[in-house]
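Residue strings, one per chain:
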Amino acid sequence: MSGRAELRALTSARGVAAWWVVLYHLRGALADLPAAAQALVAKGYLAVDFFFLLSGFVLAFGYGERLHGGGRPAILDFLRRRIARIWPLHAAMLGVALLLALLLRTTGHATQQFPMAELPAHLLLVQAWGFTNPLCWNDPAWSISCELMAYLLFPLWVVTIDWRRRRAVTLIAILAALFALLHGVFVLRGATELGQDLQNVGLIRCVLEFTAGAMLYALWNRQRAERPGHNALAIAAMLAAAWAAGMPETAVAPALLAAILWALATASGQRGNALEGALLHRLGEISYATYLSHFLLWFAFKLAFVRTATIGWPLAALYLVLVLAASVALHRWVERPAQRWINALGFRPGRSRLPTRRSPRG
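Residues numbered from 1 in each chain as written. Predicted model: local features only at pLDDT ≥ 70, side-chain atom pairs only at ≥ 80, totals over all residues. Heavy atoms only, no water.

Enquirer: Is there a simple way to think about the confidence of the model for the chain in this case?
Expert: Caution applies to low-pLDDT parts of the model: their predicted coordinates are not meant to be read in detail. Summarising the model, the chain shows a mean pLDDT of 90, and 92% of its residues fall at 70 or more. In the model of the chain, helix H10 (residues 229-244) stands out as the element of lowest mean pLDDT, 88, in contrast to helix H5 (residues 119-123), which has the highest, 97. Here residues 355-359 scores under 50 on pLDDT; set against residues more than four positions off or in separate chains, the count is 18 contacts. (pLDDT = per-residue confidence, 0-100. Helix = DSSP H or I, 4+ residues; strand = E, 2+ residues; numbered from the N terminus. Contact = heavy atoms within 4.5 Å.)

Enquirer: What exactly am I supposed to notice about helix H1 (residues 8-26) here?
Expert: Helical geometry: 3.6 residues make up each α-helical turn, so side chains three or four residues apart lie on a common side. In this model H1 runs 28 Å from its N-terminal to its C-terminal C-alpha over 19 residues, within 8% of the 27 Å that 1.5 Å per residue would give. Within H1, 14 of the 19 residues are buried, which leaves it mostly tucked inside the rest of the structure. (Expected span 1.5 Å × (residues − 1). Buried < 20%, exposed > 50% of the residue type's maximum accessible area, 1.4 Å probe, protein only.)

Enquirer: Sorry if this is basic, but what is going on with unusual backbone geometry here?
Expert: One non-glycine residue, Trp-137, adopts positive backbone phi at about 55°. Structurally, Trp-137 is set in the loop between helix H6 (127-131) and helix H7 (141-160). Phi angles above zero are rare outside glycine, and Asp-197 is one such case at about 55°. Position of Asp-197 among the secondary structure elements: in the loop between helix H8 (168-189) and helix H9 (198-223). Looking at Asp-197, the relative accessible area reads 25%, which means it is partly exposed.

Enquirer: Looking at this structure, I do not really get the packing of H1 against helix H12 (residues 278-285). What am I missing?
Expert: For any two helices packed against each other, the geometry comes down to the angle between their axes and how far apart the axes lie. Across the interface, H1 lies against H12 with an axial gap of 7 Å and an inter-helix angle of 70°. As far as their axial angle goes, H12 and H1 are roughly perpendicular. Note that H1 runs across H12; the crossing there is left-handed. Within the contact between the two elements, H1 uses Arg-8, Thr-11, Ser-12, Arg-14, Gly-15, Val-16 and Trp-19 and H12 uses Ala-278, Leu-280, His-281, Leu-283, Gly-284 and Glu-285. Each residue belonging to the contact of H1 with H12 can be placed in one class, and the counts come to five nonpolar, five polar and three charged. (Axes fitted to C-alpha atoms, helices over the stretch in contact; angles between N-to-C directions. Parallel < 35°, antiparallel > 145°, perpendicular 65-115°, else oblique. Left-handed = near helix turned anticlockwise from the far one by under 90°. Nonpolar A, V, L, I, M, F, W, Y, C, P; charged D, E, K, R; others polar.)

Enquirer: Would you take a moment to explain the side chain of His-90 for this structure?
Expert: On the secondary structure map, His-90 appears in helix H4 (residues 71-106). With a relative accessible area of 2%, His-90 lands in the buried category. Once residues lying within four places of it in the same chain are set aside, the contact partners of His-90 are His-122, Leu-123, Leu-125, Gln-127, Ala-141, Tyr-288 and Leu-292.

Enquirer: Explanation requested: the packing of aromatic side chains in the structure shown.
Expert: The description of an aromatic ring pair rests on the distance of the ring centres and on the angle between the ring planes. Under the defined criterion, the tally for this structure stands at 18 aromatic pairs. Judged by centre distance (5.9 Å) and plane angle (75°), the ring pair of Tyr-24 and Tyr-45 falls under edge-to-face. With Tyr-24 in helix H1 and Tyr-45 in the loop between helix H2 (35-41) and helix H3 (46-67), this pair connects stretches of sequence that are 21 residues apart. A relative accessible area of 8% means that Tyr-45 is categorised as buried. Above the face of the Tyr-24 ring, Arg-27 is positioned so that its terminal group lies 4.0 Å from the ring centre. The ring of Tyr-151 has Arg-82 sitting right over it, with the charged end atom 4.9 Å from the ring centre. (Phe/Tyr/Trp six-rings, centres within 6.5 Å; stacked < 30°, edge-to-face > 60°. Lys NZ or Arg CZ within 6 Å of the ring centre and 35° of its normal.)

Next up, the structure:
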């Protein structure tokens, strides 16, 4: 077990972001939502961009040094751990989706949500790689498919270049270039928001932001002794002002989220930080289950309880409680046991080449 401390605030931030996505998918059914709240939840797709950045940052934090120079065994062990992290719960949720599809078919309800011909690609987590429609079966899993590609590329990024030896100005320049390239891709596709054109841009969006997150960690790790969190908050404020003044979302939002991530990482461990609290931290621990379960739960919830275009707050509260309960149950009885079982394959107890490090849940 490594003695390296967990960046606890980042785990909590993941939980907050997951619930932002939940509200994003619920927003159209909420009655009498205030305009300011509606505007906030309507941008919930940006939580996925935060996830991509955070994943790159967290994996560089947790695995960068161990992969560098670790050779093929370390790389294979890393990939096994990542598959153990994402695939079992994804497969379980596909099982739930399949049950829903069969139920709808037997009751004579037609739906385009569960095309059987596309199930194999979704099961293999390659649905967002350009082979098929990523937004069916369990829609949020499109981003997990993209993350899988980023995981496959991450060891190559680590072993080919030792970014620890690069000057800070070089890292900043590369970060800026990555964000500029991402913006350019969206411009070429005629998209003005990061949540648009997922089928064609989603994979590029993930890989570039994941790489930016890993690069951000390399920069943060060089300078964290100076604890430059206030500078990050100032940069975030300037970027937010530029966005409000009319700068394109695709040009500003990824850098804004990166600045927020930097500030959160710097603030991790500080007294008085609300994200250090037990409740938010627990939401972060179960956030993957929240993210993967909420969409299908909302689909089933609407079938059972919703008969109109909008729902009242009692029904909305019931749905949110069900999401929380499902997240706890899936994390405890599906996600963690399956992860432990796969991680133990081929290794004697205590003999893993990559001992588990207490790092943010990635």
